[in-house]
Amino acid sequence: MGSYIADFVSHAAKLVVEIDGPFHETPEARAHDARRTAWLNSIGYRVIRFPEKFSREQPGEVVKAIHAEPSPPQSPTLRPSRGKGDARYDVR
């Protein structure tokens, strides 16, 4: 996604799930993760993170937490603007 690689992503749910190993505990990695999360949020994605150990030891809890994430708001269905859809716009 952009210049980033996500562990797991659902484009339909606009959700990114990250499994963070020990590398993510350094100050530099935390700063990188914060920039990355901010960028993903700016394009409409939510990011949830789980420690690697937790995801290995309690995968059921990870699944529950993912399912508990709220669904993204639905985009309104837009109607054609005035004049659109008239016969003059048909391609023949």
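The rules behind these values
Residues numbered from 1 in each chain as written. Predicted model: local features only at pLDDT ≥ 70, side-chain atom pairs only at ≥ 80, totals over all residues. Heavy atoms only, no water. Helix = DSSP H or I, 4+ residues; strand = E, 2+ residues; numbered from the N terminus. Buried < 20%, exposed > 50% of the residue type's maximum accessible area, 1.4 Å probe, protein only. Polar contact = N/O pair within 3.5 Å; in protein donor to acceptor, adjacent residues only side chain to side chain. Contact = heavy atoms within 4.5 Å. Pairing = 2+ DSSP bridges. Right-handed = clockwise from strand over helix to strand, strands pointing away.

Undergrad: Looking at this structure, how should I read the environment of Ala13?
TA: Mapping Ala13 onto the fold places it in the loop between β1 (8-10) and β2 (15-20). C-alpha of Ala13 to C-alpha of Tyr45: the two residues are 32 residues apart in sequence and 8.3 Å apart in space.

Undergrad: Which parts of the structure should I look at to understand the side chain of Asp33?
TA: Structurally, Asp33 is set in helix α1 (residues 27-42). Using a relative accessible area of 10% as the deciding quantity, one classes Asp33 as buried. Looking at Asp33, its side chain comes within polar contact range of the side chain of His24, at 2.7 Å. Those residues within four positions of Asp33 in sequence are excluded, and the remaining contacts are Asp20, His24 and Arg49.

Undergrad: I'm lost on the pairing of strand β3 (residues 46-51) in this one. Help?
TA: Remember that side chains alternate between the two faces of the sheet whenever the strand is regular. As judged from the six bridges shared by β2 and β3, these two strands associate in the parallel manner. For Val16, the partnering residue across the bridge sits in β3 and is Val47. Following the backbone out of β2, through α1 and into the adjacent parallel β3, one traces a crossover that is right-handed.

Geometry only, nothing functional implied.
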